[in-house]
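Breakdown of the fold
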Amino acid sequence: MTDFFDIDPRLMELARRAEELCRPAFERIGRVEEYNGQKVLSAFLRAGVSEAHLKGTTGYGYDDRGREGLDQVFALIFGAEDALVRHTFVSGTHALATALFGVLRPGDTMVSVTGAPYDTLEETIGIRGENTGSLMDFGVKYRQIELLPDGSPDYEAIAAAAPSARMIYLQRSRGYSLRPSLSVETIGRAARAAKEANPKVIVMVDNCYGELVEEREPTQAGADLIAGSLIKNPGGGIAPTGGYIAGRKDLVELCGYRLTCPGMGKEVGCTLDTLRSMYQGIFFAPTVVASAVRTAVFAAAFYQLLGFGVTPAWDEPRTDIIQSVLTGSPETLCAFCQGIQKGAPVDSFVTPVPWDMPGYDSQVIMAAGAFTMGASIELSADAPLREPYAAWLQGGLTYPTGKAGVILSAQEMLSEGLLKL
Ligand SMILES: *Cc1c(COP(=O)(O)O)cnc(C)c1O
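First things first, this report covers the structure right here in the doc. Because the structure is a prediction, the values reported are computed rather than measured. (Residues numbered from 1 in each chain as written. Predicted model: local features only at pLDDT ≥ 70, side-chain atom pairs only at ≥ 80, totals over all residues. Heavy atoms only, no water.)

In this structure, Phe 74, Ile 168, Phe 298, Phe 302, Tyr 303, Leu 306 and Phe 336 are the most contacted members of the largest nonpolar core, which totals 99 residues. In terms of residue count, helix H8 (residues 275-305) provides more of this core than any other element does, 17 residues in total. Listed in part, the 26 residues of the second largest apolar core include Ala 99, Leu 135, Tyr 169 and Met 204. (Core = buried A, V, L, I, M, F, W, Y, C linked by side-chain atoms within 4.5 Å. Buried < 20%, exposed > 50% of the residue type's maximum accessible area, 1.4 Å probe, protein only. Helix = DSSP H or I, 4+ residues; strand = E, 2+ residues; numbered from the N terminus.)

Following this line, the structure appears as structure tokens:
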């Protein structure tokens, strides 16, 4: 590292010690990477992916073999009956919203059992904003059950809410909160609690940031429907845009009707020149996700040795790629993000500064220098400027570059006189 960057030798020594601590975690990550790599390969073989699958269609996109094969590959990986993988999902929020509007009907009740959903879904549901065509505008009722103080789901409250609910909704990743992420096992337990009380209830999971971090996915543990973004984990840093929905065949069909129109559903939609990168992305995803998780674990160990609060800790099990570092002050937070930016392959010379962002009640600083605009499977950091001045770090297409970015963030703090060694 010091051949290419100006790093204080004391930081390099801490980085060496951090990596030493991470060794058992890295072994676990390597085992999941290998398992999921083989899982993905076997999906390609079973779907019979051929050269022809990589070439897209135009116009209506009837009989697009590549599109159908890609749906099948994702369904096999997620252990789901069917999937809807499209470059026309503009984001993860769009895929999630398509799933919600696809299956919920006027009078139905959706119950979020992991507290408040991810910020961008508030307007989709109708918690914020009026007469926008939200679920609530269309007569869908919404309720929320908070997580227990220890961060686990309130199984009793879930069982009590399920009989009158059409959908029980969970968010796997912590998103940008400090609550713990939910393991697939915990999601499975919540799904069982709901279904024992109401066998007909639909269990849906926001799977963003969680894909391929564990060997199993929520759809292999009782979830009926999951959705996520292709500029996060399952796009492998290669898919340039898009999202996916996977789950029960009848529900995925309804989502297709919502994405295009009733009657046509997932049988139409041309793929243009997007297929090769989508196939390549999911093929690389197990290894890219493992790189991101290694980067997160390294950051946890390194910043803990530097005396910062981190969550999760380096030795805690992982179910998503998010790492938070509690920097303690606005200056330290800004230096952290500016250091991450200095380690970005694209726009490394840019200095991020805090800014007022729509939808946030405090200023936000973001570090991102990615090949794909906004891709958070690439090394990036976001942070609202408020107590406890936590930075949320995610991504890292490769471990060597992710690790370098993390060390550069500490070097930036040190150069600004904000670190005591
Ligand atoms: C990223 C994310 C989403 C969707 O966000 P987009 O920016 O619309 O892709 C939803 N939920 C969680 C937990 C996320 O991390």
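A word on a nonpolar patch on the surface. Taken together, the side chains of Leu 41, Leu 45, Phe 283 and Phe 284 define a hydrophobic patch exposed on the protein surface, amounting to about 400 Å² of accessible area. Elements with a contribution of two residues or more to the nonpolar patch: helix H1 (9-47) and H8. Structurally, the position occupied by Phe 284 is in helix H8. (Patch = residues over 30% accessible without salt bridge, like charges linked within 9 Å, V, L, I, M, F, W, Y side chains within 5 Å. Areas by Shrake-Rupley, 256 points an atom, 1.4 Å probe, with all protein chains shown as cover. Salt bridge = Lys/Arg side-chain N within 4 Å of Asp/Glu carboxyl O.)

Further remarks concern the sheet that holds strand S9 (residues 323-326). Read from one edge to the other, the open sheet built from 5 strands follows the order S8-S9-S12-S11-S10, with strand pairing classed as antiparallel. One side of each edge strand has no neighbouring strand; the edge strands of this open sheet are strand S8 (309-311) and strand S10 (364-368). On average, adjacent strands in this sheet sit at an angle of 15 degrees to one another, irrespective of strand direction. The pairing of S10 with strand S11 (residues 380-384) spans 5 bridges and is antiparallel. Each residue of the ladder has a partner; that of Met 366, found in S11, is Asp 382. The strands touched by H8 within the sheet are S8, S9 and strand S12 (390-394), with S9 carrying the most contacts at an inclination of about 15 degrees. (Pairing = 2+ DSSP bridges. Axes fitted to C-alpha atoms, helices over the stretch in contact; angles between N-to-C directions. Contact = heavy atoms within 4.5 Å.)

Further remarks concern the side chain of Ser 229. Within the fold, Ser 229 resides in strand S6 (residues 225-229). Of the residues examined, Ser 229 reaches a relative accessible area of 4% and is grouped as buried. With near-sequence residues (within four places) excluded, Ser 229 lies in contact with Gly 92, Cys 208, Glu 211, Pro 234, Gly 242, Gly 243 and Tyr 244.

With that settled, consider helix H7 (residues 249-259). Residues of H7 that are buried: Leu 251, Val 252, Cys 255 and Gly 256. For H7, the angular spread of buried residues about the axis comes to 150 degrees, placing them on one side. Against the buried residues of H7 lie strand S1 (82-86), helix H3 (92-103), strand S5 (202-206), S6 and strand S7 (243-247). (Arc of directions from axis to C-beta.)

The next subject is the site of the ligand. In the vicinity of the ligand, the contacting residues are Ser 91, Gly 92, Thr 93, Leu 96, Tyr 118, Gln 171, Asp 206, Cys 208, Tyr 209, Ser 229 and Lys 232. Contact between the ligand and Asp 206: a nitrogen atom at 2.5 Å from a side-chain N or O atom of the residue. Within the side chain of Lys 232, an N or O atom sits 2.9 Å from an oxygen atom of the ligand. Alone, the ligand offers 380 Å² of accessible surface; in the complex the protein occludes 87% of this. Per-element tally for the shell around the ligand: the top contributor is H3, with 3 residues. (Near = heavy atom within 4 Å. Polar contact = N/O pair within 3.5 Å; in protein donor to acceptor, adjacent residues only side chain to side chain.)

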